[in-house]
Amino acid sequence: MIILTGSKGFIGQNFLKYLTEHSNEKIVTVDEKDAWDWIAFFKEWEEVSLILHQGAISSTTETDIDKLHAMNVWFSIELFEKAIQYQIPVKFASSASVYGNTNGSINPLNYYAITKLQMDYYITDHMDEFSSIQSFRYFNVYGKGEDHKGDQASPVHKFTKQVKDTCSLKLFQGSQNFFRDFVCVDDIVKVVLTNDKPSGIYDIGTGHPISFKDVGEMIAKKHHGIIKYIPFPEHLKGKYQGYTKANMDWLPNYKFTTVEEYLQV
């Protein structure tokens, strides 16, 4: 039996699809809205072979600290204590947002990132107590299934939707200076579920960041749209990562999908 939290989210839906197609195990799906009730009544821990913990409040602009901690920290600890007690392997969705505006150093810029960092610290402190635990710091994930994410969707999705709807897409002024390590959700799923590495905290990205301008230009070219530049929002100043790049030395031979290949420009 596999427990999948966050099953209704963008990344969770892709894990569910993959597991449904590639695994014969029963999949127990857990949504954030029902998470606390579920963990209070679930009794089949001895039958669980893997906890795939993808559930979280993922909004980087959320300011309700109590709400964030209840799901992202306290529920996660409750789940991890069960994993330790019953020696169940865990694969956890952390976030590259813990790096903030640094390239590999810890500097969270928002409350969401702080909660992810708290859990990584918890994992580090308790790592020897788990049968196996891997925490994956996802970089900028994009792919199929983002329709419901609204403003939290990836630029790849948002730009594509904009240009299809209006024949144009909006870029912040200075977008040539903002680089992201964009990673396809299909690669996230495969790497998380099929790697054989020991317990630890791992980046997942391509290791090859590109600028928002480059992404916008590829999408505009594919859909014959134009780019409109808009002022950089005041509320994002000081809270916006300028450069992200995953350290993929731990997985040197995996061939990641590029944005260009995904778009088939």
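Coordinates for the structure precede this section.
Residues numbered from 1 in each chain as written. Predicted model: local features only at pLDDT ≥ 70, side-chain atom pairs only at ≥ 80, totals over all residues. Heavy atoms only, no water.

**So, the overall build of the protein chain**
Helices and strands together make up the secondary structure of the protein chain, namely eight helices and 12 strands. Its C-alpha atoms give the protein chain a radius of gyration of 19 Å, near enough to 18 Å, the size a compact globule of 265 residues would have. Dimensions of the protein chain, computed from the C-alpha atoms along their principal axes, are close to 55 × 35 × 35 Å. Per-residue burial for the protein chain yields a buried fraction of 52% across its 265 residues. Counting only contacts in the protein chain whose residues sit at least 6 apart along the sequence, the fraction spanning at least 24 positions is 80%. Total accessible area computed for the protein chain in this model is approximately 13200 Å², and 49% of it derives from carbon and sulfur atoms. Side-chain charges of the protein chain comprise 27 positive and 33 negative groups, with the mean position of each set lying 8 Å from the other. (Helix = DSSP H or I, 4+ residues; strand = E, 2+ residues; numbered from the N terminus. Rg over C-alpha atoms; globule rule 2.2 N^0.38 Å. Buried < 20%, exposed > 50% of the residue type's maximum accessible area, 1.4 Å probe, protein only. Contact = heavy atoms within 4.5 Å. Areas by Shrake-Rupley, 256 points an atom, 1.4 Å probe, with all protein chains shown as cover. Lys, Arg positive; Asp, Glu negative; His and termini not counted. Charge placed at Lys NZ, Arg CZ, Asp CG, Glu CD.)

**Details of the sheet that holds strand 1 (residues 2–5)**
Note: strands within a sheet are paired through backbone hydrogen bonds, in either parallel or antiparallel orientation. A sheet is described by the order of its strands in space; here six strands give the open sequence 2-1-3-4-5-10, paired in parallel fashion. Both outer strands of the open sheet, strand 2 (27–30) and strand 10 (200–204), are each paired with one neighbouring strand and no more. This sheet shows a mean twist of 20° between the axes of neighbouring strands, independent of strand direction. In terms of strand pairing, strand 4 (residues 90–95) meets strand 5 (residues 133–138) through six bridges, oriented parallel. (Pairing = 2+ DSSP bridges. Axes fitted to C-alpha atoms, helices over the stretch in contact; angles between N-to-C directions.)

**Some points on the side chain of Gln-54**
Relative to the helices and strands, Gln-54 is located in the loop between strand 3 (50–53) and helix 3 (65–86). Setting aside residues up to four positions removed in sequence, Gln-54 forms contacts with Leu-4, Thr-5, Gly-6, Ile-11, Phe-15, Lys-91, Phe-92, Ala-93 and Tyr-138.

**Side note on the packing of aromatic side chains**
In the structure shown here, the tally under the stated rule is 18 aromatic pairs. Taking the centre distance of 5.6 Å and the plane angle of 70° together, the rings of Trp-38 and Trp-45 count as edge-to-face. In this structure Trp-45 comes out as buried when scored by relative accessible area, which is 3%. Taken together through their ring pairs, the aromatic side chains of Trp-38, Phe-42, Trp-45 and Tyr-86 make up a single cluster. (Phe/Tyr/Trp six-rings, centres within 6.5 Å; stacked < 30°, edge-to-face > 60°.)

**Remarks on the nonpolar core**
What tends to happen in soluble globular proteins is that the nonpolar side chains get buried as a cluster. With 31 residues, the main nonpolar core has Phe-15, Tyr-138, Ile-188 and Ile-204 as its most contacted residues. Mapped onto this core, the elements with two or more residues apiece are strand 1, helix 1 (10–22), strand 3, strand 5, helix 6 (185–194) and strand 10. The element that contributes the greatest number of residues to this core is helix 6, accounting for six residues. With 30 residues, the next largest nonpolar core counts Ala-35, Met-71, Ile-88 and Phe-92 among its residues. (Core = buried A, V, L, I, M, F, W, Y, C linked by side-chain atoms within 4.5 Å.)

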